[in-house]
Amino acid sequence: MAFMKGVWRFLVGIKDGLALLFLLVFFGMLYALLSAGPNPGAARDGALLIELDGFVSEQPAAIDPVAALLSQRAPMREYRQRDISRALELAVKDHRIKAVVLDLDRFMGGGQTSLAALGARIDAVRKAGKPVYAFATAYSDDGYQLAAHASEIWVDPLGGVLPTGPGGSRTYYKGLFDQLGVKAHIYRVGTFKSAVEPYMRADQSPEAEVAMKALYDEVWEQWRSDVTKARPKAKLDALLADAPAAVEAAKGDLAQLSLANGLVDKLGDRVAFGKYVAAKVGEGREEKIGSFAETRPTALLAAHSPSRDGSPI
């Protein structure tokens, strides 16, 4: 009996040791992954692939590794606007970069200021004689604002471009508060103080409507101005004048509607787009169909990182 107990303890000890070893290896790999820097050697001949599967912001929020592990969903990716802008600037001068590819399939937006700055950088790339290709299954307003600056815009035959403009909805709680017997104590001074309106009204006040309309009209006009300037041949105004009628006339085919109105240049899925780019910049090293020679912005930035020589502060 004592022998069996000893064997059992030995086996339990091995199990605990293996579990501890696994945890150490796991957290070591996690630390290495989070702290690893980009490889400058990854920059090579081909296209600069800017795959924006998230938001563009001036300063991305820091990600807590522990919170990311405990969370049930992956954190939304953010890309620093000046990093993308710098990569586009380097693409103009780097002889290895033959073209720029904008993958906007999962682009979530970036705000007028960031998008205008990136649009100007894309224009500079085209001015330098290097083509810019954009692809997405369907373009949102922010995604199309970037794509409009490209040399060629591709869209999946199952997708399309249909601008919606800024706006949204707001929830008002006054009716619920009345039913629950809840009284909100609100202190405000002035007329245009709509932040607290959801707690004191069941609908939007006329003053809030005027203020929001003025804001959205300005944002929408900036978007239209930027897109029209970047892509003057697009029949944007004709489409926006009566979008439901245009969609009905196209029998719900947004891709053909976008192509007919000059919002996009070509229809094709991701594989067809990849083959088209590969014919321009070279085949990719991957065996995946539709791959092309590419360099990521992080690799290009690392290849042109500033010198660290000098005396410390």
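Reading the values: the criteria
- Sequence order as written defines the numbering, with residues in each chain counted from 1.
- The predicted nature of this model means local features are confined to residues of pLDDT at least 70 and side-chain atom pairs, given and counted, to a pLDDT of 80 or more, with totals for whole chains, interfaces and linings taken over all residues.
- Working from all heavy atoms in the structure, the side-chain values ignore hydrogens and water.
- Each helix corresponds to a stretch of at least 4 residues labelled H or I by DSSP, and each strand to a stretch of at least 2 residues labelled E; elements are numbered beginning at the N terminus.
- Multiply 1.5 Å by the residue count of a helix minus one, and that product is the helix's expected span.
- Type-normalised accessible area, obtained with a 1.4 Å probe on protein chains alone, sets the label of each residue: buried when under 20%, exposed when over 50%, and partly exposed for intermediate values.
- Pairs of residues are marked as contacts when any of their non-hydrogen atoms sit within 4.5 Å.
- For salt bridges, the criterion is a side-chain nitrogen of Lys or Arg within 4 Å of an Asp or Glu carboxyl oxygen.
- As used in this structure description, the phrase polar contact means that two N or O atoms lie within 3.5 Å; if the pair is within protein, one of them must be able to donate a hydrogen and the other to accept it, and residues adjacent in sequence are counted only when both atoms belong to side chains.

Caption draft 1: Structural detail: helix H3 (residues 81–93). Between the first and last C-alpha of H3 there are 19 Å, a value that for 13 residues agrees with the 18 Å anticipated at 1.5 Å per step. For H3, the complete set of buried residues consists of Gln81, Ile84, Ser85, Ala87, Leu88, Leu90 and Ala91. Residues of H3 that are buried in the fold lie against strand S1 (46–51), strand S2 (55–57), strand S3 (78–80), strand S4 (97–103), helix H4 (112–127) and helix H12 (297–303).

Caption draft 2: Local environment of the pattern of salt bridges. Evaluation of the coordinates by the stated rule reveals 17 salt bridges. One salt bridge connects Asp94 with Arg96, and the closest N-O pair in it is separated by 2.8 Å. Judged by relative accessible area, Arg96 falls into the partly exposed class, the value being 21%. Two residues, Lys266 and Glu152, come together in a salt bridge whose shortest N-O distance is 3.8 Å. Here Glu152 lies in strand S6 (residues 152–161) and Lys266 lies in strand S7 (residues 266–267), a separation of 114 residues in the sequence. Residue classification places Lys266 among the partly exposed positions, given a relative accessible area of 29%. The network of salt bridges with common partners includes Glu51, Asp53, Arg77, Arg106, Glu294 and Arg296.

Caption draft 3: Seen up close, the side chain of Asp94. Mapped onto the elements of the fold, Asp94 is located in the loop between H3 and S4. At 2.7 Å, the side chain of Asp94 forms a polar contact with the side chain of His304. When residues no more than four places from it in sequence are discounted, the contact partners of Asp94 are Lys130, Leu300 and His304.

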